[in-house]
Amino acid sequence: MKFASWNINSINLRKEAVLNWIITQDIDVLGLQEIKCEEANFPKSFFTDSNYFVEVVGQKGYNGVAIISKYPIEVLNRNIPNFIEEISQARYLEVKIKNYVFSSIYVPNGNPINSEKLEYKLSWIEAFIEHAKSLLKFEMPVILAGDYNIIPEEIDCWDEKVWKNDALAIPDIRFKFREIKNLGYFDSFRLINKNKCEWSFWDYQNGSWNKDHGIRIDHILINSYGADKIKDCKIDKSPRGLSKPSDHTPISVSYTHLRAHET
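### Points about the nonpolar core
What tends to happen in soluble globular proteins is that the nonpolar side chains get buried as a cluster. Judged by nonpolar contacts, the single largest core of 27 residues is most densely connected at Ile105, Trp124, Phe128, Leu144, Tyr148 and Tyr185. If one sorts the elements of this core by residue count, helix 3 (residues 116-135) sits on top with 9 residues. Beyond its immediate chain neighbours, meaning those up to four positions away, Tyr185 contacts Ala132, Leu135, Leu136, Val142, Leu144, Ile180, Leu221, Ile222 and Asn223.

### Section: the state of the cysteines
For the structure on display, the rule yields 0 disulfides. Free cysteine: Cys233, not disulfide-bonded; nearest cysteine sulfur from Cys197 at 15 Å. With a relative accessible area of 1%, Cys233 lands in the buried category.

### Topic: unusual backbone geometry
Along the chain, Asn111 connects to Pro112 via a cis peptide bond; the corresponding omega equals -5°. You can see Pro112 is positioned in the loop between strand 7 (100-106) and helix 3. In the Ramachandran plot, Asn149 falls in the positive-phi region, its phi being about 50° despite a non-glycine side chain. Looking at where Asn149 falls in the secondary structure, it is placed in the loop between strand 8 (142-147) and helix 4 (160-163). With relative accessibility at 5%, the residue Asn149 sits in the buried group. In the Ramachandran plot, Asp212 falls in the positive-phi region, its phi being about 60° despite a non-glycine side chain. Here Asp212 falls in the partly exposed class, since its relative accessible area comes to 32%.

### Brief notes about the sheet that holds strand 3 (residues 53-57)
Read from one edge to the other, the open sheet built from 6 strands follows the order 3-4-2-1-14-13, with strand pairing classed as mixed. Where the open sheet ends on each side, the last strands, each with one partner, are strand 3 and strand 13 (230-235). Within the sheet, the average angular offset between the axes of one strand and its neighbour, ignoring direction, is 10°. Bridge count between strand 1 (residues 2-7) and strand 14 (residues 251-255): 4 bridges; the pairing is antiparallel. Residue Lys2 lies in a different strand from strand 14, and its bridge partner there is Ser254.

### Quick word on the environment of Lys133
When you line up the elements, Lys133 lands in helix 3. A sequence separation of 115 residues divides Lys133 from His248, and the C-alpha atoms of the two residues are 28 Å apart.

### Details of the confidence of the model for the protein
Averaged over all residues, the pLDDT of the protein equals 95, while 97% of them reach at least 70. Here helix 8 (residues 224-227) is the element of the protein with the lowest mean pLDDT, 90, and strand 2 (residues 29-33) is the one with the highest, 99. This stretch, residues 259-263, has a pLDDT under 50; its non-local contacts, to residues over four places away or in other chains, come to 4 contacts.

### Looking at the sheet that holds strand 12 (residues 218-222)
Reading across the sheet, the 6 strands line up as 5-6-7-8-12-9 and stay open at both edges, with mixed pairing between neighbours. The open sheet is flanked by strand 5 (74-77) and strand 9 (186-187), the only strands paired with a single partner. Where strand 5 meets strand 6 (residues 92-97), 3 bridges bridge the pair, whose relative direction is antiparallel. Pairing of Asn77 across the sheet is with Glu94, part of strand 6. Across the sheet, helix 3 lies against strand 5, strand 6, strand 7 and strand 8, angled at about 15° from strand 6, the strand it touches most. With respect to the sheet, helix 5 (residues 171-184) is in contact with strand 9 and strand 12, its orientation differing from that of strand 12 by roughly 20°.

Definitions and limits used
Residues numbered from 1 in each chain as written. Predicted model: local features only at pLDDT ≥ 70, side-chain atom pairs only at ≥ 80, totals over all residues. Heavy atoms only, no water. Core = buried A, V, L, I, M, F, W, Y, C linked by side-chain atoms within 4.5 Å. Buried < 20%, exposed > 50% of the residue type's maximum accessible area, 1.4 Å probe, protein only. Helix = DSSP H or I, 4+ residues; strand = E, 2+ residues; numbered from the N terminus. Contact = heavy atoms within 4.5 Å. Disulfide = S-S within 2.5 Å. Pairing = 2+ DSSP bridges. Axes fitted to C-alpha atoms, helices over the stretch in contact; angles between N-to-C directions. pLDDT = per-residue confidence, 0-100.

This is the structure we're talking about:
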């Protein structure tokens, strides 16, 4: 099984790129973030006509998450349970596909740091941590994939000084990422790529792509049932170099086949 995550920055602008990528890369399940449309305006038929299953949690013009799968989708949660504020912002979709629990996650940005936006980000992550803890009850792989808007460590950005006062990298935010991992989740990219510097986001401004001034903020966190079955985790830079790309590029993780009695 091959799972992936991609902040697409408007699905209706880039649906062809998404379909082409999941076909050529043989992706089984893709979580999308920042689809920027309500469910009624998501191009579902574009994907279902190619025999994919689709679930959407949308919001007009902002945010929004979706999941595209080769296999039937059982929806578990369309928001973070018991976090009322999240319902007005479409940021979370959790499903079961075959013998996997998979979530598409879009964490708030939090900037500027001296504002209610950072307070909202911290409260959102707190609620997410509590829910992530509850997901550990599943005796199967749990995959928490998405745009976390968190630069975990200095190795994950092109210049630490540029980000030291940004809501993506301040100590309080990095601590929250470690807190999620301390529950029993693993950063799949770091499991495979111990010291590699690769980015999943390049700003549209200041020639960031051409200068390779990027950051790694798109993550796939996995529980112990997933960690012992992981084969590979890759960030695919190629879509960022296409015409009119998203400012993010996809990350994917591959698993060995589960034993027959586990499926």
